[in-house]
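Architecture at a glance
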Amino acid sequence: APESEGFSIFVMSWQSYVTDLLASGHVCQAGVYGLDGGLWACSPGFNVRSEEVKKFVAAFDDQRFIQQQGIFLEDEYYMYLSASPSGSALYGRRGQLGCCIARAGKAVIIGLYDVGRGHSPGNCNVAVEKMADYLTSADY
């Protein structure tokens, strides 16, 4: 790895995390975003807006807004179902589609599932939340 002033610089491919979520077979779309709403990586055609991500970041601390307004992903409404007991994951549903939005230390991971394609909501949640736990343990 290149070094600058004695510090190693570690270059991470955020796209590989998206690829891993898709390869799990439990997620049909995925993205990794900064807490500021900035896109780090996403699957092709997954167009979550920065403003949407910022609302999720706020909702991890206080779910009242999304309990009333619902979850909006790619300008599509998802009914808010619940949050994890720790508040670090949010769950939504829109017809056959659903979402798990999880917070890591410095990132937001979003995974979509499609029941029509045989995806299980629980398996999607586990995959996304494990990714968030891993990134948190790696100081991300």
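Before reading further, recall that the structure is shown in the block above.
Below you will find a few notes about this structure. (Residues numbered from 1 in each chain as written. Predicted model: local features only at pLDDT ≥ 70, side-chain atom pairs only at ≥ 80, totals over all residues. Heavy atoms only, no water.)

**Examining the pattern of salt bridges**
- In total, this model carries five salt bridges according to the counting rule given.
- Two residues, Asp-75 and Arg-49, come together in a salt bridge whose shortest N-O distance is 2.8 Å. Of this pair, Asp-75 sits in the loop between strand 5 (71-73) and strand 6 (76-83) while Arg-49 sits in the loop between strand 4 (39-42) and helix 2 (50-61), and the two are 26 residues apart along the sequence.
- Taking the relative accessible area as the measure of exposure, Arg-49 reaches 36% and is therefore partly exposed.
- It is possible to trace a salt-bridge network through shared partners that takes in Arg-49, Glu-51, Glu-52 and Asp-75. (Salt bridge = Lys/Arg side-chain N within 4 Å of Asp/Glu carboxyl O. Helix = DSSP H or I, 4+ residues; strand = E, 2+ residues; numbered from the N terminus. Buried < 20%, exposed > 50% of the residue type's maximum accessible area, 1.4 Å probe, protein only.)

**Points about a nonpolar patch on the surface**
- Residues Phe-72, Tyr-77, Met-79 and Leu-81 make up a contiguous nonpolar surface patch of about 390 Å² in total accessible area.
- Here the nonpolar patch takes three residues from strand 6, the largest share from any one element.
- With respect to the element layout, Tyr-77 can be found in strand 6. (Patch = residues over 30% accessible without salt bridge, like charges linked within 9 Å, V, L, I, M, F, W, Y side chains within 5 Å. Areas by Shrake-Rupley, 256 points an atom, 1.4 Å probe, with all protein chains shown as cover.)

**Here we look at the nonpolar core**
- Within the largest apolar cluster, 22 residues are counted, with the highest numbers of intra-cluster contacts made by Leu-21, Val-32, Ile-109, Val-128 and Leu-135.
- Contributing elements (two or more residues each) for this core: helix 1 (14-23), strand 3 (29-34), strand 7 (89-94), strand 8 (97-103), strand 9 (107-114) and helix 4 (121-137).
- The element contributing the most residues to this core is helix 4, with six residues.
- Sequence-distant contacts of Val-128, defined by excluding residues within four places in its chain, comprise Leu-21, Val-27, Cys-100, Ala-102, Ile-109 and Gly-111. (Core = buried A, V, L, I, M, F, W, Y, C linked by side-chain atoms within 4.5 Å. Contact = heavy atoms within 4.5 Å.)

**What to know about the pairing of strand 7**
- As judged from the four bridges shared by strand 6 and strand 7, these two strands associate in the antiparallel manner. By the bridge assignment, Ala-83 is partnered in strand 7 with Leu-90.
- Pairing between strand 7 and strand 8: six bridges, direction antiparallel. For Arg-93, the partnering residue across the bridge sits in strand 8 and is Gly-98.
- Between the end of strand 7 and the start of strand 8, which pair antiparallel, lie two residues, with Gly-95 showing a positive phi angle near 65 degrees. (Pairing = 2+ DSSP bridges.)

**Overview of the environment of Leu-112**
- By the secondary structure assignment, Leu-112 is in strand 9.
- Classification of Leu-112 as buried rests on a relative accessible area of 4%.

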